[in-house]
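Each chain, written out:
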Amino acid sequence: MATDPFDAGAGGILRQPKAVWATAGASVVAFMGIGLVDPILPSIAQGLSATPSQVSLLFTSYFLITAFAMLLTGFVSSRIGGRKTLLLGLAFVVVFAGLAGTSGSVGELVGFRAGWGLGNALFVSTALAVIVGAAAGGSAAAILLYESALGLGMACGPLLGALLGNASWRYPFFGTAFLMAVGFLCITVFLKEQPRPARRTSLLDPVRALGHGGLASAAVSAFFYNYTFFTVLAFTPFVLNMTPYKSGAVFFAWGVLLAVFSVIVAPRLQQRFGSLKVLGGSLVLLAADVVVLGYGDHTTAVVCTILSGAFIGVNNTVYTELALGVSDAPRPVASAGYNFVRWFAAAAAPYFAPKIEEWTDLHVPFVVAGATAVAGALVVLLRRNALTHEAEELEPRHAAEDGVTVFAN
């Protein structure tokens, strides 16, 4: 990995073709859609006369569909090509985000978010492969650019949600539909069709890829981590109970830390200590942070929410690199299998966190989230040989795979 991810040289993150920037820009908006509803969750609950657990289904339906859609992404893109898959995903998001803004009940809104999740899955999973395939400088610069888009989107999503949602909870959905329509136009103009794979991907290829011990270990560890991640993202807004502006500011600061630590800090920590030590340590620190969040006063909860963005940023970068580099499966297939497992936790956490609070008290959901982060760290510790040695053996193969041949194998 490059010492400086923002190196302006030929392979630097800032020296990329227009097609890469168009795809990355649309990715920013796609990731904005994840955190967009954070500052307006209480407003949605009030506007639609819904409980926190009902409103949390906005995340559950979104990520449950996203998880299953991961089995479709390679199947679709290997048949119609990466560009058409991106455009199809964007079209789904434009339609269903717009419809979400017209919802008359929480049931309708949950259903439209599910359609939105299908579009986002088609787009996001294909976007990473397209960026890796079209980027200058190989996979290291491409992954950092993708993580930059993720961090920027996660930071700006709550801010946009707060700014538009302060007038009406419906406006953020309309705003997302508009921005994704702009992304659709950019992809149409700047991105040429990518080379299709030599072999079409079947629906079960991502599942078969999980038969590899290293990839399965990364996916299981990420499953536990994602439960913690989305407890913070989907449940904390109800705990903070702030106005859309204040909640948006908190999660904007959270997203800024996420972006900085995923793109700038994580690579340097990996170079100095190694990926698995960094990942294990970051997971343990995240566990401690969320437990303090759950037991602290309001100010402590705000500080810990923002601080969690740093650990989440580090984890996201390391997990992405592990998923793409640890197995002998083609990168798009490995990514689909990995995401298929981990997104189930993203669907479970928003549903179970408020339920656990109803069954116990406000503190216990964060204790559970801390325990799952520790579980993720234990998987890394116990499976470190599979996650380390096999990735090192496969590095030459993946280096040769970088570039437009990322779809082939």
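This one's a predicted model, so the numbers in the text were calculated from it and none came from an experiment.

**Some words on the overall build of the protein**
Moving on, step 1. On a plain count of helices and strands, the protein comes out with 16 helices and zero strands.
Moving on, step 2. Counting every position in the protein, which comprises 409 residues, the buried fraction comes to 58%.
Moving on, step 3. Residue pairs at least 24 apart in sequence account for 86% of intrachain contacts in the protein once pairs closer than 6 positions are excluded.
Moving on, step 4. Looking at the protein as shown, the accessible area adds up to about 14800 Å², and 68% of this sits on carbon and sulfur atoms.

**Details of the pattern of salt bridges**
Oppositely charged side chains can form a pair if their charged atoms are brought close together.
Moving on, step 1. Applying the stated rule across the entire model yields one salt bridge.
Moving on, step 2. With a shortest N-O distance of 3.0 Å, R208 and D205 are connected by a salt bridge. Linking R208 with D205, this pair stays in helix α9 (residues 205–209), spanning three residues, or about one helical turn.

**As for the confidence of the model for the protein**
Moving on, step 1. Taken as a whole, the protein shows an average pLDDT of 83; of its residues, 89% reach a score of 70 or greater.
Moving on, step 2. Mean pLDDT across the elements of the protein bottoms out in helix α16 (residues 384–401) (56) and peaks in helix α15 (residues 364–382) (97).
Moving on, step 3. The low-confidence segment residues 390–409, where pLDDT is below 50, has 50 contacts with residues more than four positions distant or belonging to other chains.

**Topic: the nonpolar core**
Moving on, step 1. Core analysis: the largest hydrophobic core is formed by 118 residues, its most contacted members being I44, F63, F173, F230, L233 and W254.
Moving on, step 2. Not counting residues within four places of it along the chain, the set of residues in contact with F63 comprises I34, F230, W343, A346 and A347.

**Thoughts on the packing of aromatic side chains**
Moving on, step 1. Summed over all chains, the structure comprises 19 aromatic pairs.
Moving on, step 2. A centroid spacing of 6.2 Å and a plane angle of 45° characterise the contact between F229 and W254, whose relative ring orientation is tilted. Of this pair, F229 sits in helix α10 (residues 213–240) while W254 sits in helix α11 (residues 244–273), placing them 25 residues apart in sequence.
Moving on, step 3. Classification of F229 by relative accessible area gives buried; the value is 5%.
Moving on, step 4. Seen in terms of ring centroids, F235 and F366 are 5.5 Å apart; in terms of plane orientation they differ by 45°. Their pairing is tilted. Here F235, found in helix α10, pairs with F366, found in helix α15; they are 131 residues apart in sequence, far enough to count as distant.
Moving on, step 5. In this structure F366 comes out as buried when scored by relative accessible area, which is 0%.
Moving on, step 6. Cluster of aromatic residues (ring-pair linked, three or more members): Y62, F63, W116, W169, F173, Y225, F229, F230, F251, W254, Y319 and W343.
Moving on, step 7. A cation over an aromatic ring shows up here: R113 above the ring of W116, its NZ or CZ 4.7 Å from the ring centre.

**Points about the packing of helix α12 (residues 275–295) against α15**
Moving on, step 1. The contact between α12 and α15 brings their axes to 8 Å, and the two run at 170°. Considered as vectors, α12 and α15 are oriented roughly antiparallel to each other. Between α12, through L276, L279, G280, L283, V284, A287, V290, V291, L293, G294 and Y295, and α15, the contact on the second element is made entirely by F366, V367, A369, G370, A373, V374, G376, A377 and V380.
Moving on, step 2. Here the contact of α12 with α15 is built from residues that sort into 16 nonpolar, four polar and no charged.

**Thoughts on a nonpolar patch on the surface**
Moving on, step 1. Together, L159, L163, Y245, F252, V256, V260 and I264 line one region of the surface with nonpolar side chains, adding up to about 530 Å² of accessible area.
Moving on, step 2. If you list the elements that add at least two residues to the nonpolar patch, you get α7 (138–165) and α11.
Moving on, step 3. A total of five residues in the nonpolar patch trace back to one element, the largest contributor, which is α11.
Moving on, step 4. Checked against the element boundaries, V260 lands in helix α11.

**With respect to the environment of G74**
Moving on, step 1. Positionally, G74 belongs in helix α4 (residues 57–80).
Moving on, step 2. A relative accessible area of 14% places G74 in the buried class.
Moving on, step 3. Along the sequence, G74 and S125 sit 51 residues apart, while their C-alpha atoms lie 8.6 Å from each other.

**Some points on helix α14 (residues 331–359)**
Moving on, step 1. Compared with the 42 Å implied by 1.5 Å per residue over 29 residues, the 42 Å span of α14 between its first and last C-alpha is a close match.
Moving on, step 2. Along α14, the sharpest kink reaches roughly 30°, centred on A349 and followed within four residues by the proline P350.

**Quick word on the environment of T73**
Moving on, step 1. For T73, the location among the structural elements is in helix α4.
Moving on, step 2. Along the chain, T73 and S125 lie 52 residues apart, while their C-alpha atoms are 7.0 Å from each other.
Moving on, step 3. Beyond its immediate sequence surroundings of up to four residues, T73 is in contact with A121, L122, S125 and A336.
Moving on, step 4. Looking at T73, its side chain comes within polar contact range of the main-chain oxygen of M70, at 3.0 Å.

**A word on the side chain of T228**
Moving on, step 1. Assignment of secondary structure puts T228 in helix α10.
Moving on, step 2. Within the local environment of T228, its side chain forms a polar contact with the backbone nitrogen of A373, the two atoms lying 3.2 Å apart.
Moving on, step 3. Once residues within four sequence positions are removed from consideration, T228 is found in contact with L286, V290, A369, T372 and A373.

Rules of the game
- Residues numbered from 1 in each chain as written.
- Predicted model: local features only at pLDDT ≥ 70, side-chain atom pairs only at ≥ 80, totals over all residues.
- Heavy atoms only, no water.
- Helix = DSSP H or I, 4+ residues; strand = E, 2+ residues; numbered from the N terminus.
- Buried < 20%, exposed > 50% of the residue type's maximum accessible area, 1.4 Å probe, protein only.
- Contact = heavy atoms within 4.5 Å.
- Areas by Shrake-Rupley, 256 points an atom, 1.4 Å probe, with all protein chains shown as cover.
- Salt bridge = Lys/Arg side-chain N within 4 Å of Asp/Glu carboxyl O.
- pLDDT = per-residue confidence, 0-100.
- Core = buried A, V, L, I, M, F, W, Y, C linked by side-chain atoms within 4.5 Å.
- Phe/Tyr/Trp six-rings, centres within 6.5 Å; stacked < 30°, edge-to-face > 60°.
- Lys NZ or Arg CZ within 6 Å of the ring centre and 35° of its normal.
- Axes fitted to C-alpha atoms, helices over the stretch in contact; angles between N-to-C directions.
- Parallel < 35°, antiparallel > 145°, perpendicular 65-115°, else oblique.
- Nonpolar A, V, L, I, M, F, W, Y, C, P; charged D, E, K, R; others polar.
- Patch = residues over 30% accessible without salt bridge, like charges linked within 9 Å, V, L, I, M, F, W, Y side chains within 5 Å.
- Expected span 1.5 Å × (residues − 1).
- Bend = angle between axes of the 7 residues up to and from the residue.
- Polar contact = N/O pair within 3.5 Å; in protein donor to acceptor, adjacent residues only side chain to side chain.

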